[in-house]
Amino acid sequence: MIEERFDAIVVGAGMAGNAAALTMAKRGMKVLQIERGEYPGSKNVQGAILYADMLEKLVPDFREDAPLERHLVEQRFWMMDGKSHTGLHHRSEDFNEEKPNRYTIIRAQFDKWLSSKAQEAGAIVLCETTVKELVQDAYGKVIGVITDREGGQVHADVVVLAEGVNGLLGTKAELRERPTPENVALAVKEMHFLPRETIETRFNLKGDEGVVIEAAGTISAGMTGMGFIYTNKESISIGIGCLVSDFQKTGETPYDLLERFKKHPSVAPLIEGSEVKEYAGHLIPEGGYKAIPQLYGDGWVVVGDAAQLNNAMHREGSNLAMTSGRIAAEAIFQVKSRKDPMTKENLALYKKMLDDSFVIKDLKKYKDMPALLHIQSQNFFLTYPQLVNKALQNFVRVDGTPKIEKEKTTIKSFVAARSWGGLFGDALRFARAWR
């Protein structure tokens, strides 16, 4: 095992860990990054959305060699019942700009690429190595890690925990509590391979244009959750996720939900004839602002999913992960530049810088939304999608019934399902949580 001492040890080589390692290495710090997978990204087979603005702060010329799939020109939102969907689409030629704003990526390829940038900057990346526990001195300050390698104790001034939502190092060392099932979602994803031309025809695309579909409704069986479809160059990423606590309560399985989603009449034609080559499950932080744990302490900081930094309302995770990793690294570098110790008091700079960023401001805006959607999941993910789709079908169907009678029927269906008080109450609670 490596015997030298490091300025920083980064545990994990996902978005947040790579951003932290790269930022510190570029500033001349001696960085060791430890990843339990065969290579960075080896355990991330799923597709994802990449936000260019955040990556440009790390690698300004990333478009020259990053493994990008498609730049997104269209966003679709679907509210689904068993046989139909009501959608909101936004497509713009503005997104065919010289430097596009969003891309789809394959995490296994992208994480490996971003890690290579950290290595080029001087970081040492050690794969196929598991960090078993943190090393603390007699006063509780984190001073390094113990790995599963022979003589596997390594010391550093600070440890960056980028171990993912279910990381156990921080909880094992009693630095923070383990996330509760109400604050974590389990998402299952598949990669469906199709010829490039078929994907472009089915989604009305040309060149490297891409589409994202995000769907909610009866597909989650009344649980708090969403489905999604991402277009890649020669594959489609499709998946669905719900809160772990809801899976425990209902007995539903993620695989069954995904199978029903794939068979939905609005989805099945998009993946017809595809070859499924990859299937994976992934835990996602969903607790929002109120679930953020302690982010720093004596000799340690926590970033990315491990810090519950995910904006569920906008389905943004990678940009928050990269930003938190970068900000943590910048704060650490500032402390080191002042030749100050990595104490809790000094590392509080990370929290202050994060609070001043869009990350915390956005999460704070929606701080009440996770609890509302969880408590009202039957209404927002089952009752209303059914009512809205039935109302739209009633609106467009011409069958000789007077329009005034159709309107009365639609209104009666909403009142019967929720009552006037329930409808106004739901609207008010949603508006308050959104603000």
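Cut-offs used in this document
Residues numbered from 1 in each chain as written. Predicted model: local features only at pLDDT ≥ 70, side-chain atom pairs only at ≥ 80, totals over all residues. Heavy atoms only, no water. UniProt positions renumbered as here; feature names shortened; annotations may be inferred. Helix = DSSP H or I, 4+ residues; strand = E, 2+ residues; numbered from the N terminus. Rg over C-alpha atoms; globule rule 2.2 N^0.38 Å. Buried < 20%, exposed > 50% of the residue type's maximum accessible area, 1.4 Å probe, protein only. Contact = heavy atoms within 4.5 Å. Phe/Tyr/Trp six-rings, centres within 6.5 Å; stacked < 30°, edge-to-face > 60°. Lys NZ or Arg CZ within 6 Å of the ring centre and 35° of its normal. Axes fitted to C-alpha atoms, helices over the stretch in contact; angles between N-to-C directions. Left-handed = near helix turned anticlockwise from the far one by under 90°. Nonpolar A, V, L, I, M, F, W, Y, C, P; charged D, E, K, R; others polar. Parallel < 35°, antiparallel > 145°, perpendicular 65-115°, else oblique. Polar contact = N/O pair within 3.5 Å; in protein donor to acceptor, adjacent residues only side chain to side chain. Expected span 1.5 Å × (residues − 1).

The name given to the protein chain in an unreviewed UniProt entry is Protein FixC, and the organism recorded there is Rhodopseudomonas pentothenatexigens. The record held by UniProt for the protein chain lists under Sequence similarities (unreviewed entry) the comment "Belongs to the ETF-QO/FixC family." According to the UniProt record, the Cofactor (unreviewed entry) comment for the protein chain reads "FAD".

**Q** Could you clarify how one ought to interpret the overall build of the protein chain in this entry?
**A** The number of helices and strands found in the protein chain is 14 helices and 17 strands. Taken against the 2.2 N^0.38 rule, which gives 22 Å for 435 residues, the C-alpha radius of gyration of the protein chain at 23 Å falls within 12% of a compact globule. Principal-axis analysis of the C-alpha atoms places the extent of the protein chain at approximately 80 × 50 × 40 Å. Counting all 435 residues of the protein chain, 54% fall into the buried class. Taking as baseline every contact in the protein chain between residues at least 6 positions apart, the subset at least 24 positions apart corresponds to 72%.

**Q** Hey, could you run me through the packing of aromatic side chains in this one?
**A** Aromatic rings in a pair are described by how distant their centres are and how their planes are angled relative to each other. For the coordinates displayed, the defined rule picks out nine aromatic pairs. With a centroid separation of 5.7 Å and an interplanar angle of 50°, the aromatic rings of Phe380 and Phe430 are classed as tilted. Note that Phe380 is positioned in helix H13 (residues 377–396) and Phe430 in helix H14 (residues 403–434), a separation of 50 residues in sequence. Aromatic pair Trp420 and Phe424: ring centres 6.1 Å apart, planes at 25°, arrangement stacked. Of this pair, Trp420 and Phe424 both sit in helix H14, four residues apart, roughly one helical turn. Here the aromatic residues Tyr366, Phe380, Tyr384, Phe430 and Trp434 are joined through ring pairs into a cluster of three or more. Its end group placed over the ring of Phe193, Lys277 keeps NZ or CZ at 5.0 Å from the ring centre.

**Q** Can you walk me through the packing of H13 against H14 in this structure?
**A** Helix packing geometry: the angle between the two helix axes and the distance between the axes. Relative to each other, H13 and H14 sit at 145°, their axes nearing to 11 Å. Where H13 crosses over H14, the two elements pack in a sense that is left-handed. Across from Asn379, Phe380, Thr383, Tyr384, Leu387, Val388, Ala391 and Asn394 in H13, the residues of H14 making contact are Lys406, Thr409, Thr410, Ser413, Phe414, Ala417, Arg418, Gly422, Leu423, Asp426 and Phe430. Among the residues making up the contact of H13 with H14, the classes are represented as nine nonpolar, seven polar and three charged.

**Q** Just to check I follow, could you spell out the packing of helix H1 (residues 15–26) against helix H3 (residues 107–120) for this structure?
**A** Running from amino to carboxyl end, H1 crosses H3 at an angle of 15°, the nearest separation of the two axes being 8 Å. With respect to H3, the axis of H1 lies roughly parallel. With respect to the hand of their crossing, H1 and H3 are arranged in left-handed fashion. Between H1 and H3, the contacting residues are Met15, Asn18, Ala21, Leu22 and Ala25 on the first element and Arg107, Phe110, Asp111, Leu114, Ser115, Lys117 and Ala118 on the second. By residue class, the composition of the contact of H1 with H3 is seven nonpolar, two polar and three charged.

**Q** Whenever I open this one, the side chain of Asn379 confuses me. Can you help?
**A** On the secondary structure map, Asn379 appears in helix H13. Look at Asn379 and you get buried, because its relative accessible area is 12%. Only 2.6 Å separates the side chain of Asn379 from the side chain of Gln376, close enough to count as a polar contact. The residues touching Asn379, leaving out its near neighbours within four places in the chain, are Tyr384, Pro385, Arg418 and Asp426.

**Q** Which parts of the structure should I look at to understand the UniProt feature "domain: FixC-like C-terminal" (unreviewed entry) in the protein chain?
**A** As annotated in UniProt, the feature "domain: FixC-like C-terminal" (unreviewed entry) corresponds to residues 369–435 in the numbering used here. The span residues 369–435 carries 88% helix and 0% strand; its end-to-end C-alpha distance comes to 9 Å.

**Q** How should H1 be read in this particular structure?
**A** One turn of an α-helix holds 3.6 residues; hence residues three or four places apart share an orientation. Under the 1.5 Å per step criterion, the end-to-end length of H1 is 16 Å for twelve residues, consistent within 8% with the ideal 16 Å. Most of H1 sits out of view: eleven of its twelve residues are buried. Buried residues of H1: Met15, Ala16, Gly17, Asn18, Ala19, Ala20, Ala21, Leu22, Thr23, Met24 and Ala25, and no others. Of the residues trailing H1, Gly28 is marked for its positive phi of about 85°.

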